[in-house]
Amino acid sequence: MSDTLVILKREFRSYFLSPIAYVVGALFLGIGGWLFFEGLFFDTGQAAEAKMESYFGLLPLFFMVLVPALSMRLWAEERKLGTLELLMTFPVKTMHLILGKFCGALCFVAVLLALTLFYPVTLASLGNLDWGPVLGGYLATLLLAASYLALGMFISSLTQDQIIALLVTVSVLLLLILMRQVGMLIGPWWAEVFAIASPREHFSSIARGVIDLRDMLYYGAFCGFFLYLNSLVLEAKKQVG
Amino acid sequence: MTKTERKLSYAETHGTGNLLVTILLVLGILVEILYLTKDVSIRLDLTEEGLYSLSPSTKKVLNKLEQPLVIEAYLSKKIPGFMVEERKKIRNLLDEYKQAGRGKVKLVFLDPLEDQTIRDKAARLGIQASQMPDVSSGSFSVMEVWQGLRMTYGGDKQYVVQVIPNASALESTLTPKIQELVLGRRPKIAILSRKTQPAPTNPFMAQQQRGGPGWDLVQRPMQGRFDIVQMDVSDGKLLPEDLDLLVLIEPKKLTDWEKYCIDQHVMRGGNLLVLEDVADYQVDNFGSFMRNSFDLDAADSAYKWKDQLAAYGVEASGKLVADLLQQAMLPYYKIGYQMGQPTLAGIVPYPYWFRILPVDWSEYASKLVDDPSAAPELAKRLGPSIDPKHPVLEGLQKIRVFWPTEVNLAEKLPEGVEGKVLLRSSALGLVEDPPQSAVPDAPGFFKGLADRLKNEPKRQIPLMVALKGKFPSFFKGKPMPERPGQEKESDENGGLLQGTETGGDAPAAQDSGGKTGKSGTAGDQAGEKAGDQAGEKPDANAAPQGPPAPEGGAGEQAEKGGKDELPARIDQGEKECRVVVVGDSSFIRDDFLQGVGPARQPNSGQGGPALFMNLLDWLTMDLDLVELRTQRTVDRTMTYVSQDFLGESQEEYKERVAAKKTLLRFLNVLGPVILLVAFGFLTWSKRIGEKRRFLAEVQADLDKREVVKGGAK
């Protein structure tokens with residue numbers, strides 16, 4: 001476990017040394033905040049309600065680009081620089097290595113999200129904000145980011161080109177987001193099945209302020225599966241040498 | 001390279017087949033876990049109002065179950081994609097009923113599309129399939145969707161929901177029905193509501209003014225909950241004795257006989273709810289707001305409704321109420337027409353339409369007076385706009401009213417009656433006689449009211465009162481009103497109605513203890529005789545006979561007279577009952593609920609319907625169901641800046657709001673970005689410093705080595 005923590009710290013720190021993380025973070029905060037407050041403060045003749053729903057509604061789309069931008073380098077960069085082989089020689093279990101990188105990236109997303117806490121604090125100063133859905137929204141966002149990261153890491157492990165990792169991850173996430181719509185084209189049963197498989201559906205369930213065991217299990221299974229696939233790929237690299 | 005020297009791939013070392021099997025196995029296990037737990041509903045609802053959980057009302061009702069309640073949900077699995085989320089919510093909610101029922105609720109899901117027997121059974125129960133559009137196959141088609149349910153309690157009582165409309169309305173439909181199945185009886189309510197404004201004849205206007213000035217929408221959810229009858233006493237009979245509640249919605253043109261029936265209903269211990277108005281304004285898209293003809297009393301009425309209310313301890317001043325608190329006022333949407341098309345010409349705050357907010361105004365006394373020494377005195381006179389502790393209002397956060405009227409407790413309440421004011425305007429309330437036209441954008445309209453506010457003492461105008469006790473009859477000591485359908489007979493009987501006017505207490509009166517006063521006078525005997533005669537008529541119900549209150553105890557004549565005999569008049573309430581008077585009826589009016597014309601914000605979610613249904617439940621003693629509606633009415637409206645109510649214009653206020661919005665936008669959008677960039681800059685600076693130090697150290701080390709090297713040389 002200490003191995004995981006060491007890798008987590010190293011990975012987390014590395015984000016703050018990378019200009020890409022700042023650019024991506026600044027864009028996420030700037031554009032997200034601007035869109036949210038423009039909508040919230042739009043003059044409709046009556047005062048708006050203190051709710052964060054519309055902000056959390058934007059995040060699945062934002063994260064579709066933000067998270068792959070963070071995950072693309074996790075393995076692809078190591079492979080390109082040739083440091084992956086070096087990493088594999090360390091007396092660290094592959095899964096610890098993966099979990100360390102995964103948690104490090106997730107912590108960076110959490111820091112970006114923490115910076116958006118300005119928004120609910122502002123809303124709470126203006127009206128009677130219900131903190132329950134806000135808490136649910138942040139939890140749902142973190143879980144969504146975790147699932148996107150797990151998928152992005154797996155795809156990053158398959159290539160040494162970061163751009164390819166980014167594009168493939170974005171494409172797969174877009175497909176996942178639109179799963180229900182795709183399912184509807186095939187048939188209603190498929191729409192239901194695809195909806196169950198889509199991270200976005202479970203996101204909206206938690207984001208409204210309801211923590212359901214089934215949603216938590218879904219995210220656990222989703223992350224677990226892709227992290228497991230990731231470990232298989234790395235083990236293969238290890239074997240191949 | 002020999003075969004043994006070549007690097008083996010992972011697939012080769014483990015076998016491709018094995019690898020795939022392992023991956024599929026892991027995936028299968030995960031899917032299996034998700035499948036097995038799909039019906040396990042362990043949830044934590046974080047919302048303050050418990051929006052996605054069963055309300056405490058439902059839990060209380062489910063706790064009363066003594067026998068098994070079986071819920072058969074007829075839900076077809078094949079549904080269009082757009083219904084998937086809604087269906088999930090319905091299933092979740094039904095699951096919650098099962099869990100909250102602690103073994104007493106059995107839940108069965110049936111798909112009529114899978115089995116013809118189930119389909120036939122559903123059809124027999126009256127559950128109908130809906131035809132829903134489906135575009136799943138890429139082309140438009142119609143799909144048959146079943147979404148109904150049946151509840152059976154104790155094996156013999158049942159209730160069927162033919163079509164579940166949506167998940168959000170399901171709880172408020174099911175819980176009262178379960179309550180009814182458990183109790184085995186529905187409260188009985190009579191309603192009197194008279195529309196005066198005709199529905200628009202112009203099709204365009206009719207479309208714009210959906211619903212019109214009636215009260216039909218709010219009566220729909222009542223249909224399943226209560227036994228509802230329309231108040232009709234034109235046949236000369238009193239209201240039914242088993243009536244739990246009489247609701248008068250905007251009473252107008254009340255005849256003396258109707259007033260007598262209302263009075264006797266209260267005397268018998270029946271509850272009374274009055275939604276009182278003082279004026280009726282024409283609502284249309286043009287917003288002319290011209291006052292319609294409006295009379296509380298019928299033209300030939302000898303008794304005033306206002307006096308009758310006063311007899312019960314309610315003072316209806318007949319004044320219109322305005323509230324000049326900015327946060328309370330509702331916008332009036334001024335509609336203009338360009339090229340024949342309606343366009344929004346402006347939004348004007350309108351003080352005759354306002355929200356009653358849960359604010360304790362005594363806390364703001366110091367801000368409402370120029371002289372600080374007057375604040376404590378003012379604070380004593382002010383209080384909360386909404387009584388937060390009353391079961392009818394608990395949890396209600398805002399109630400919209402439209403052209404309300406002042407309703408207060410009388411200075412001296414009748415003996416044995418206690419009362420309370422439950423709703424008030426803000427501390428910036430004003431009263432006035434209803435103007436002929438109440439157009440908000442007329443020149444000087446707002447300024448006139450604002451000037452008055454500056455000069456008049458600050459006060460909260462009472463808008464709703466509730467009284468409880470044994471009420472005295474308004475008709476005590478008064479002649480009996482004319483009973484419908486009796487005039488001809490009366491004349492034939494020698495002008496007996498005239499006798500009612502001169503006879504004073506002539507109708508068969510009761511003493512305060514409720515016992516019939518039979519003094520055995522000649523008049524009583526005459527009445528008895530006449531009553532007997534009336535009773536001999538073959539069809540007394542179809543043709544009411546004889547005057548109700550003939551001279552010298554003629555009331556008893558009718559009392560004993562046959563099928564339509566009139567019960568003895570009660571002069572003092574026999575049982576304790578409740579009377580509630582609200583100074584507005586428009587808060588549940590169809591057009592205001594739907595937000596049409598100049599009042600474009602729908603009122604349905606604004607506490608009005610919830611208040612009305614709470615009142616019905618409270619007055620029919622169904623307190624368990626009150627929380628069912630109040631849980632979703634927390635006010636979360638944002639206030640950007642507090643307004644200086646007396647010292648600034650609307651424009652100045654709007655400018656301050658805009659400035660605050662700009663500031664908040666700037667802080668929230670740029671603040672986090674600046675923080676992140678600043679942190680990045682600090683990190684970069686630190687790294688540069690570390691790098692320089694490191695290089696300096698290396699350089700120093702190199703220099704040192706040079707010196708050593710040079711020295712050695």
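Remember, it's a predicted structure, so these values are computed and weren't measured experimentally. (Residues numbered from 1 in each chain as written. Chains lettered and ligands numbered in written order. Predicted model: local features only at pLDDT ≥ 70, side-chain atom pairs only at ≥ 80, totals over all residues. Heavy atoms only, no water.)

Examining the overall build of chain A
Put simply, the rule reads: Secondary structure elements are defined from DSSP: runs of H or I of at least 4 residues count as helices, runs of E of at least 2 residues count as strands, and each element is numbered from the N terminus. Here the term buried applies to any residue with accessible area under 20% of the maximum for its type, exposed to any over 50%, and partly exposed to those in between, with areas from a 1.4 Å probe on protein chains only. Each accessible area is a Shrake-Rupley result for a 1.4 Å probe, and residues are judged covered by the shown protein chains and nothing else.
Check the secondary structure of chain A and you find 12 helices and one strand. From first element to last, N terminus to C terminus, chain A shows the α and β order α-α-α-α-α-α-α-α-α-α-α-β-α. Counting across all 241 residues of chain A, residues that qualify as buried make up 59%. Split by element, the accessible area of chain A, about 9800 Å² in all, is 73% carbon and sulfur.

Some details on the overall build of chain B
For the record, the criterion: Contacts are assigned to residue pairs with any non-hydrogen atoms lying within 4.5 Å of each other.
Each helix and strand in chain B was counted, giving 21 helices and 19 strands. Residues classed as buried in chain B amount to 50% of the 713 residues present. When contacts within chain B are restricted to residue pairs at least 6 apart in sequence, long-range pairs at least 24 apart make up 78% of them. Within the structure as shown, chain B displays about 33800 Å² of accessible surface, and the carbon and sulfur contribution to it stands at 54%.

Some details on a nonpolar patch on the surface
The line we're drawing: Like-charged residues are merged into a patch within 9 Å and nonpolar side chains (Val, Leu, Ile, Met, Phe, Trp, Tyr) within 5 Å, provided each residue has over 30% relative accessible area and no salt bridge. Here a salt bridge means any side-chain nitrogen of Lys or Arg lying within 4 Å of a carboxyl oxygen belonging to Asp or Glu.
Judged by side-chain polarity, V23(A), L27(A), I31(A), W34(A) and L35(A) come together as a nonpolar surface patch covering roughly 470 Å² of accessible area. By secondary structure assignment, the location of I31(A) is in helix α2 (residues 19-40).

What to know about the confidence of the model for chain A
To be explicit about the condition: On a range of 0 to 100, pLDDT expresses the predictor's confidence in each residue.
Overall, the prediction assigns chain A a mean pLDDT of 87, with 94% of residues at 70 or greater. Ranking the elements of chain A by mean pLDDT puts helix α10 (residues 188-197) of chain A last, at 72, and helix α7 (residues 131-158) of chain A first, at 94.

As for the nonpolar core
Side chains that are nonpolar tend, in soluble globular proteins, to be buried together. Residue and element names in this part refer to chain A. Going by this rule: Definition of nonpolar core: a set of buried residues of the types Ala, Val, Leu, Ile, Met, Phe, Trp, Tyr and Cys, connected through side-chain atoms within 4.5 Å.
F28, M52, F63 and F102 are the most contacted members of the largest nonpolar core, which has 94 residues in total. In terms of residue count, α7 provides more of this core than any other element does, 14 residues in total. Excluding anything up to four places from it in sequence, F102 contacts A146, L149, A150, M153, C223 and L227.

Details of the pairing of strand β18 (residues 462-469) of chain B
It is a general feature of regular strands that their side chains alternate between the two faces of the sheet. Residues and elements named next belong to chain B. This is how it is decided: A pair of strands is labelled paired if DSSP reports no fewer than 2 bridges between them.
The buried count for β18 comes to seven of eight residues, which makes it a mostly enclosed element. Direction of pairing for strand β16 (residues 417-424) relative to β18: antiparallel, over a ladder of seven bridges. Across the sheet, residue G419 finds its bridge partner in β18, namely L467. Pairing geometry for β18 and strand β19 (residues 577-582), over six bridges, is antiparallel. Looking across to β19, one finds that A466 is bridged to V580.

Thoughts on the sheet that holds strand β17 (residues 429-432) of chain B
Sheets are built from strands that pair by backbone hydrogen bonding, the pairs being arranged parallel or antiparallel. All names here are of chain B. Selection rule: Only C-alpha atoms enter the line fits that serve as axes; for helices the fit covers just the stretch in contact. Angles between N-to-C directions range over 0 to 180 degrees.
Pairing is antiparallel in the open sheet, where three strands are placed in the order β15-β11-β17. The open sheet has two edge strands with one neighbour each: β15 (405-409) and β17. In this sheet, neighbouring strand axes are inclined to one another by 55 degrees on average, regardless of whether the strands run parallel or antiparallel. Relative to β15, strand β11 (residues 314-323) runs antiparallel, the two being bridged by four bridges. By the bridge assignment for β15, L320 is matched with T405.

Things to note about the sheet that holds β18(B)
Residues and elements named next belong to chain B. Sheet architecture is open: seven strands sit in the order β8-β7-β9-β10-β19-β18-β16, paired in mixed fashion. Since the sheet does not close on itself, it has two edges, and those belong to β8 (227-230) and β16, each with one partner. This sheet shows a mean twist of 15 degrees between the axes of neighbouring strands, independent of strand direction. Bridge analysis of strand β9 (residues 245-249) against strand β10 (residues 271-275) gives five bridges, and the strand direction is parallel. Of the residues in β10, the one forming a bridge with L246 is L272. Seen against the sheet, helix α19 (residues 608-619) touches β7 (188-193), β9, β10, β16, β18 and β19 and runs at an angle of roughly 165 degrees to β10.

Observations regarding helix α3 (residues 53-81) of chain A
Along an α-helix, residues three or four positions apart point the same way, because every turn accommodates 3.6 residues. Residues and elements named next belong to chain A. Our working rule: To estimate how far a helix should extend, the number of its residues minus one is multiplied by 1.5 Å. A residue's bend is given by the angle between axes fitted to the 7 residues ending at it and the 7 residues starting at it.
End to end, α3 covers 42 Å across 29 residues, agreeing with the expected 42 Å (1.5 Å per residue, within 8%). Most pronounced at F62, the bend in α3 amounts to some 45 degrees. Phi for G82, located one or two positions after α3, is positive at around 80 degrees.

Quick word on the environment of P609(B)
Residues and elements named next belong to chain B. Position of P609 relative to the elements: it lies in helix α19. The class of P609 is buried, set by a relative accessible area of 17%. Taking the C-alpha atoms as reference points, P609 and P221, 388 residues apart in sequence, are found 9.9 Å from one another.

Brief notes about α7(A)
Residues and elements named next belong to chain A. In plain terms, the rule: In protein, a polar contact means a hydrogen-donor-capable atom and an acceptor-capable atom, both N or O and within 3.5 Å, with residues adjacent in sequence counting only if both atoms are side-chain atoms; elsewhere, any N or O pair within 3.5 Å suffices.
An ideal rise of 1.5 Å per residue puts 40 Å on 28 residues; α7 measures up with 41 Å between its terminal C-alpha atoms. With 23 of its 28 residues buried, α7 lies for the most part within the structure. A distance of 3.1 Å separates the backbone nitrogen of G132 from a side-chain oxygen at the start of α7, and that oxygen is part of D130.

So, the packing of aromatic side chains
We apply this condition: The rule is short: rings of Phe, Tyr and Trp, with Trp giving its six-membered ring, pair when the centres are within 6.5 Å, and they are stacked under 30 degrees, edge-to-face over 60, tilted in between.
Per the stated rule, a full pass over the model turns up 38 aromatic pairs over all chains. Aromatic side chains F28(A) and F62(A) sit 6.1 Å apart centroid to centroid with 80 degrees between the ring planes, which places their arrangement in the edge-to-face category. With a gap of 34 residues between them, F28(A) in helix α2 and F62(A) in helix α3 connect regions that are remote in the sequence. A single burial state applies to F28(A) and to F62(A), both of which are buried. Ring plane angle 85 degrees and centroid distance 5.5 Å describe the contact between F41(A) and Y640(B), whose orientation is recorded as edge-to-face. One end of the pair, F41(A), is in the loop between α2 and α3; the other, Y640(B), is in the loop between α20 (627-630) and α21 (650-712), on a second chain. With respect to class, F41(A) is no different from Y640(B); both count as buried.

Some thoughts on the packing of α7(A) against helix α8 (residues 162-177) of chain A
Residues and elements named next belong to chain A. Worth spelling out the cut-off: Oblique is the label for any angle not covered by the other classes, which are roughly parallel (under 35 degrees), roughly antiparallel (over 145) and roughly perpendicular (65 to 115). Crossings are classed by handedness, with left-handed meaning an anticlockwise turn of the near helix from the far one by less than a right angle and right-handed meaning a clockwise turn.
One way to put it is that α7 packs onto α8 with a least axis distance of 9 Å and a crossing angle of 140 degrees. Taken together, the axes of α7 and α8 lie oblique to each other. Seen along the crossing, α7 lies across α8 with a hand that is right-handed. Residue-level inspection shows Y148, L151, G152, I155 and S156 of α7 in contact with α8, the latter providing A165, V168, T169, V172, L173, L176 and I177.

Things to note about the state of the cysteines
All names here are of chain A. In plain terms, the rule: We call a pair of cysteine sulfur atoms a disulfide whenever their separation is within 2.5 Å.
What the rule picks out here adds up to zero disulfides over all chains. With no disulfide of its own, C223 lies 10.0 Å from the sulfur of C103, the closest cysteine sulfur. Owing to a relative accessible area of 10%, C223 belongs among the buried residues under this scheme.

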